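Geometric and topological summary
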Amino acid sequence: MSADLDHLPPLRESLADHGLLAKKSFGQHFLLDLNVTRKIARLSGPFEGRTVIEVGPGPGGLTRALVESDASKVIAVEKDARFLPLLNELAEASGGKLVVVEADALKVDEQTLLTEHAGGAEGHLVSNLPYNVGTPLLLKWLTGPWRPHGMGLMFQKEVADRVAAEPGSDAYGRLAVISQAVCTARVVMDLPARAFTPPPKVASAVVRLDPLPSRPPEAELKALERVTAAAFGQRRKMLRSSLKQLGGAALCEKAGVDADARAEVIPVEGFLRLARATLS
Ligand code: SAM
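Residues numbered from 1 in each chain as written. Predicted model: local features only at pLDDT ≥ 70, side-chain atom pairs only at ≥ 80, totals over all residues. Heavy atoms only, no water.

**Concerning helix α4 (residues 84–93)**
For clarity, the cut-off: In this scheme, a residue with accessible area under 20% of its type's maximum is buried, one over 50% is exposed, and one in between is partly exposed, where area comes from a 1.4 Å probe on protein chains only. Here a helix means four or more residues in a row that DSSP labels H or I, a strand means two or more in a row labelled E, and each is numbered from the N terminus. Residue contacts are counted whenever heavy atoms from the two residues lie within 4.5 Å of one another.
Taken residue by residue, α4 has Leu84, Leu86, Leu87, Leu90, Ala91 and Ala93 as its buried positions. Those residues of α4 that are buried are in contact with α1 (11–17), α3 (61–68), β2 (73–78) and β3 (98–102). Of the residues one or two after α4, glycine 95 is the one with positive phi, at around 65°.

Here it is, written out as structure tokens:
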């Protein structure tokens, strides 16, 4: 069976039919314009027959675009049970392409989801993320045991800029270093607050993250988290002082990094050398 979404009511009508209103505690700001959600799906792909995990489908605007895409399967993980009847209608219309799972994305094991619902295939992640848990979810996907094939994620603009920031900029910090130690990160789309229903207080942006060919081993990533927490915890101080607890100037020398420099000018590779130096 193929996906036939043409007979589905417009998203606004679906929400009204099911009596659904956005809940602030779940970070709910909906995208109801399919032209926008199709663009997000396009900028996050191509998926080339792989599975897409969508976190927080809500009323299903982005989900519809993903079901129409070149993904073979879409697994949508939603925590708010109120949306399940509406999403199950979409799953039915998808001809088996969409699976809806009621779960907390912070706790879910993505590899198990893929094994259970898509035969263990590789998976992409696409999400208009709930703002209150966007950063912990990103860190889970960057440093956890499951490795997404690629990610297209909507964040508050300020967070998106911090993920994709380059050394020397104010936005450059822990999130940029950890993201870019594992992936390339690029802001691919900006969206004003008025694009959402209800509009949030701030603008948003989509970041595309593509994994680098090799990923630092688990222990190195853990060390990178420790080094960047110390270095950016006191970002105006020289590394010899901010990294004192981890070895200070001696650690910097071992890693070939200038101990008199401040964290914000050290490229990702420098932080990786510092992380490795804490382990040897
Ligand atoms: N994708 C929809 C859209 O673009 O219109 C909704 C996006 S809304 C910003 C975030 C969605 O994530 C909501 O549907 C919310 O219920 C859901 N959500 C919030 N916390 C979650 C969690 N921990 N796990 C799974 N879904 C969550």
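After that view, the rundown keeps rolling.
**Observations regarding the domain arrangement of the protein**
This is how the line gets drawn: The split of the chain into domains comes from an automatic or database domain assignment. Each of two parts loses accessible area, computed with a 1.4 Å probe, when they are put together; buried area is these two losses added. For this document, the term salt bridge refers to a Lys or Arg side-chain nitrogen within 4 Å of an Asp or Glu carboxyl oxygen. Contacts described as polar in this section are N or O atom pairs within 3.5 Å, which, within protein, must combine one atom able to donate a hydrogen with one able to accept it, while residues neighboring in sequence count only if both atoms come from side chains. Gly is placed with the polar residues, together with every amino acid not listed as nonpolar (Ala, Val, Leu, Ile, Met, Phe, Trp, Tyr, Cys and Pro) or charged (Asp, Glu, Lys and Arg).
Under the domain assignment, the protein is made up of domain 1 (3–211) and domain 2 (218–279). Domain 1 and domain 2 are separated by 33 Å when their C-alpha centres are compared. Domain 1 puts 14 residues into the contact, and the matching count from domain 2 is 16 residues. When domain 1 packs against domain 2, the two sides together hide about 1200 Å² of surface, and 63% of this comes from carbon and sulfur. Counting every contact that joins domain 1 to domain 2 gives one salt bridge. Here arginine 174 makes a salt bridge to glutamate 225, at a shortest N to O gap of 4.0 Å. Across the contact surface, domain 1 and domain 2 share seven residue pairs in polar contact (both at pLDDT 80 or more). The greatest single-element share of the side of domain 1 that touches domain 2, amounting to six residues, is contributed by helix α8 (residues 174–182). When the residues that make up the side of domain 1 that touches domain 2 are grouped by side-chain class, the tally is seven nonpolar, five polar and two charged.

**Observations regarding the nonpolar core**
Cut-off, in case you're wondering: Here, the term nonpolar core denotes a set of buried Ala, Val, Leu, Ile, Met, Phe, Trp, Tyr and Cys residues that are joined through side-chain atoms within 4.5 Å.
Residues Leu138, Trp141, Met151, Leu209, Leu224, Phe271 and Leu274 are the most contacted members of the largest nonpolar core, which totals 61 residues. In this structure, this core is formed jointly by two domains, domain 1 (3–211) and domain 2 (218–279), each of which donates at least three residues. Every residue in contact with leucine 224, bar those within four places of it in the chain, is listed here: Val177, Ile178, Ala181, Phe271, Leu272 and Ala275.

**Digging into the packing of α8 against helix α9 (residues 218–233)**
Keep this limit in mind: Note on method: axes are straight lines fitted to C-alpha atoms, helices fitted across the in-contact stretch only, with angles between N-to-C directions ranging 0 to 180 degrees. By the definition adopted for this analysis, an angle is roughly parallel if under 35 degrees, roughly antiparallel if over 145, roughly perpendicular if from 65 to 115, and oblique otherwise. Crossing handedness: left-handed means the near helix sits turned counterclockwise from the far one by under a right angle, and right-handed means the same turn made clockwise.
Following both chains from N to C, one finds α8 and α9 inclined at 155°, their axes separated by 9 Å at the closest point. Judged by the inter-axis angle, α8 sits roughly antiparallel to α9. In the crossing of α8 with α9, the sense of the turn from one axis to the other is right-handed. Taken together, the residues of α9 that come into contact with α8 (itself represented by Arg174, Val177, Ile178, Ala181 and Val182) are Leu221, Leu224, Glu225, Thr228, Ala229 and Phe232.

**Description of empty space enclosed by the protein**
Applied cut-off: Every definition here rests on a 1 Å grid over the protein atoms only: cavities are sets of points where a 1.4 Å probe fits but cannot get out, pockets are open sets enclosed by protein on both sides within 12 Å along at least five of seven lines, and lining residues have some atom within 4 Å of a point. Grid points are joined across faces, edges and corners, and a volume is the space filled by probe spheres set on the points.
Counted under the stated rule, the structure contains one cavity of 30 Å³ or more. The space that makes up the largest cavity amounts to roughly 60 Å³. No other element matches the three residues that α4 contributes to the lining of the largest cavity. When the residues that make up the lining of the largest cavity are grouped by side-chain class, the tally is five nonpolar, one polar and two charged.

**Things to note about the site of the ligand**
Defined as follows: Nearness here has a simple test: a residue counts as near a molecule or strand if at least one of its heavy atoms is within 4 Å of that partner. All accessibility values rest on the Shrake-Rupley procedure with a 1.4 Å probe; residue burial counts only the protein chains present in the view.
Among the 20 residues in the neighbourhood of the ligand, the closest are listed as Gln28, Leu31, Gly56, Glu78 and Asn128. Note that an oxygen atom of the ligand is positioned 2.8 Å from one of the backbone N or O atoms of leucine 31. For the ligand, a nitrogen atom lies 3.4 Å from a polar atom in the backbone of lysine 79. Contact with the protein chains covers 99% of the free accessible surface of the ligand, which is 590 Å².

**With respect to the sheet that holds strand β4 (residues 123–128)**
Stated precisely, the cut-off is as follows: Between any two strands, at least two bridges found by DSSP are needed for them to pair.
In spatial order, the strands read β3-β2-β1-β4-β5-β7-β6; together these seven strands make up an open sheet with mixed pairing. Only two strands of the sheet have a single partner each, and these edge strands are β3 and β6 (183–191). Averaged over neighbouring strand pairs, the angle between their axes works out to 25° when direction is ignored. Where strand β1 (residues 51–55) and β2 come together, five bridges link them in parallel fashion.

**Some words on the environment of alanine 203**
Within the fold, alanine 203 resides in the loop between β6 and β7 (204–211). The spatial distance from the C-alpha of alanine 203 to the C-alpha of alanine 193 is 4.7 Å, given a sequence separation of ten residues.

**Structural notes on the pattern of salt bridges**
As enumerated under the stated definition, the model contains 16 salt bridges in all. A salt bridge links arginine 50 to glutamate 48; its shortest N-O distance comes to 3.3 Å. Residue class for arginine 50 comes out buried when judged on its relative accessible area of 16%. Note that arginine 236 is salt-bridged to glutamate 264, the shortest N-O span being 3.2 Å. In this pair, arginine 236 is assigned in the loop between α9 and α10 (239–242) and glutamate 264 in the loop between α11 (248–255) and α12 (268–279), connecting sequence segments 28 residues apart. With a relative accessible area of 10%, glutamate 264 lands in the buried category. A single salt-bridge network, built from bridges that share partners, covers Arg235, Arg236, Arg262 and Glu264.

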